[in-house]
Amino acid sequence: MLEQITEPLLSWYDGHARVLPWREDHSPYRVWVSEIMLQQTRVEAVKPFFERFVKALPDVQALARCPEDELLKLWEGLGYYNRVRNMQKAAQIVTEEYDGAFPADYEKLLALPGIGHYTAGAIGSIAFGIRMPAVDGNVLRVLSRVKASYEDILKQSVKTAMEQEVKKIIPAGRPGDFNQALIELGAIVCVPNGKARCGECPLAFCCRAKAEGIVDELPKKKAKKERRVEARTVLILREGDRVAIRKRPSRGLLAGLYELPNLTGHLSEDEVLEQVRQWGLSPLRILPLAGAKHIFSHVEWQMTGYAVSLEETEHMDRSGMFFIDAKETEEKYPVPAAFAAYAGYMDIVLGQGRYEER
Ligand code: ADE
């Protein structure tokens, strides 16, 4: 039944595709960068990240040799930092093995680090015109509704079956437009939150969910496992004009990024002062800060905080912490957005906030 969607979908896309920075030219590098970013956040939020990223790192070679801190800084606020590390590994492979040019081959794209079926399909179809599907959450929503399917779209088997079906109806001349049209329809008409705009939908004529009055019930997603909640105490340790940051371990959550010193649990003022002394620092004053929350995919941090001013000392061993000018942190050191609420006390802005009007 799906063959009938191809033509109306493409005609609709011709008239309604949004003008987006990554649609200006379809170089595989730009398509790749945008698609990875779009897996993390909304189109509007991606735009400034994308512009800055491709300006700083205009091609695969530039990405391949970018120092890690600079790379993570460009990604700051997007989350899932391993994605950008994988991008760098892939860029190094493309540089070394393919002479800096992405292979125009679906299987070879798929073999690169961080590139799964969706991304290989997106790069393959948009940049190279390869007839392979790019099925993301938008596409799964549109097609679940068109088919009135109650299958759980979080199941890999359901996604794979959908990819097979889509593959059969990709038009030879316009695979990239077709895939983007399906994604676009899901993003702006068959929307994820709020009422679907069925009155504007080019597929309304054949949508089974619409005919059966069940659009709002679809797609089905089985409830995910609950997130683990972790209590943490975040510290702003001030020494004159400088504030302490430290580098996180190279493995695990937020690996290799910089953070404000923080401790497990919600600590009292006395417990914090005790810990600060154990780090070899001399606290002068302590001030409690407001609580904050940050949600990661599997963990939620419930944070309390303190600002502690320290006596200025010369000693070198500071338990892995270094004291830097707050502005320098904002400009140079990648600090995850989880700390954004506390960065405010240092008069700096982190992550997505960096792109919003101040
Ligand atoms: N979401 C995922 N890929 C996209 C694209 N190419 N354009 C707009 N939104 C998207």
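What counts, and at which threshold
- Residues numbered from 1 in each chain as written.
- Predicted model: local features only at pLDDT ≥ 70, side-chain atom pairs only at ≥ 80, totals over all residues.
- Heavy atoms only, no water.
- Salt bridge = Lys/Arg side-chain N within 4 Å of Asp/Glu carboxyl O.
- Helix = DSSP H or I, 4+ residues; strand = E, 2+ residues; numbered from the N terminus.
- Buried < 20%, exposed > 50% of the residue type's maximum accessible area, 1.4 Å probe, protein only.
- Core = buried A, V, L, I, M, F, W, Y, C linked by side-chain atoms within 4.5 Å.
- Domains from an automatic or database assignment.
- Phe/Tyr/Trp six-rings, centres within 6.5 Å; stacked < 30°, edge-to-face > 60°.
- Contact = heavy atoms within 4.5 Å.
- Buried area = accessible area lost by both parts, 1.4 Å probe.
- Polar contact = N/O pair within 3.5 Å; in protein donor to acceptor, adjacent residues only side chain to side chain.
- Nonpolar A, V, L, I, M, F, W, Y, C, P; charged D, E, K, R; others polar.
- Near = heavy atom within 4 Å.
- Areas by Shrake-Rupley, 256 points an atom, 1.4 Å probe, with all protein chains shown as cover.
- Expected span 1.5 Å × (residues − 1).

Chemist: Can you lay out the pattern of salt bridges for me, pointing to particular residues and giving the numbers?
Modeler: A side chain of one charge can pair with a side chain of the opposite charge when the charged atoms of the two come close. Under the definition given, this model contains 18 salt bridges. Ionic pairing is found between K247 and D69, a salt bridge with its closest N-O pair at 3.6 Å. With a gap of 178 residues between them, K247 in strand 2 (residues 242–247) and D69 in helix 5 (residues 68–75) connect regions that are remote in the sequence. A relative accessible area of 25% places D69 in the partly exposed class. Notably, a salt bridge pairs R246 with E259, separated by 2.8 Å at the nearest N-O pair. With R246 in strand 2 and E259 in strand 3 (residues 258–259), this pair connects stretches of sequence that are 13 residues apart. Assessed through its relative accessible area of 16%, R246 is described here as buried. Judged by its relative accessible area of 4%, E259 is buried. Residues joined by salt bridges that share partners form a network here, namely D14, R174 and D177.

Chemist: Residue-level account of the nonpolar core, with values.
Modeler: Among the nonpolar cores identified, the biggest contains 97 residues, and Y29, W32 and F53 are the most heavily contacted of them. Two domains each put at least three residues into this core: domain 1 (2–217) and domain 2 (228–356). Within the second largest apolar cluster, 16 residues are counted, among which are A244, L263, V272 and M321.

Chemist: Outline the packing of aromatic side chains, supporting the account with residue identities and numerical values.
Modeler: Counting across every chain of the model gives ten aromatic pairs. When the centroid spacing of 5.9 Å and the interplanar angle of 75° are considered together, the rings of F53 and W75 count as edge-to-face. Of this pair, F53 sits in helix 3 (residues 43–56) while W75 sits in helix 5, and the two are 22 residues apart along the sequence. Residue class for W75 comes out buried when judged on its relative accessible area of 0%.

Chemist: Let's hear about the domain arrangement of the protein: which residues, and what values?
Modeler: Many descriptions give the size of an interface as the accessible area lost when the pieces come together. Looking at the assigned domains, one finds that the protein contains domain 1 (2–217) and domain 2 (228–356). Relative placement of domain 1 and domain 2: their C-alpha centres are 36 Å apart. Across the boundary between the two partners, domain 1 contributes 14 residues, which contact 21 residues of domain 2. For the domain 1 and domain 2 pair, buried surface summed over both sides reaches about 1,300 Å², with 52% attributable to carbon and sulfur atoms. Sorting the residues of domain 1 by area buried against domain 2 places D69, K73 and E76 first, and these three jointly supply 39% of that buried surface. Run the count over domain 1 and domain 2 and you get one salt bridge. At the boundary of domain 1 and domain 2, one finds six residue pairs in polar contact (both at pLDDT 80 or more). Split into classes, the residues belonging to the side of domain 1 that touches domain 2 amount to six nonpolar, two polar and six charged.

Chemist: A description of the site of the ligand should follow, citing residues and the corresponding values.
Modeler: For the ligand, the full set of nearby residues is L20, W22, R23, E35, L38, V43, Y118, D136, Q180, I183 and E184. Contact distances for the ligand include 3.5 Å between a nitrogen atom and a side-chain N or O atom of W22. Against a free-state accessible area of 260 Å², the protein chains account for coverage of 96% of the ligand. Taken together, the elements giving at least two residues each to the shell around the ligand come down to helix 2 (28–38) and helix 11 (175–188). Its residues assigned to classes, the shell around the ligand shows six nonpolar, one polar and four charged.

Chemist: Can you break down the environment of L281 residue by residue, with the values?
Modeler: Here L281 lies in the loop between helix 13 (269–278) and strand 5 (283–295). Along the primary structure L281 and P58 are separated by 223 residues, whereas in three dimensions their C-alpha atoms are 44 Å apart.

Chemist: Explain helix 3 to me, and be specific about the residues and the numbers.
Modeler: With 14 residues, helix 3 should cover 20 Å at 1.5 Å per step; its first-to-last C-alpha distance of 20 Å lies within 8% of that length. Taken as a whole, helix 3 has its buried residues at V43, A45, V46, F49, F50, F53 and V54. Structurally, helix 3 contributes buried residues whose contacts are with helix 2, helix 4 (60–64), helix 5 and helix 6 (81–97).

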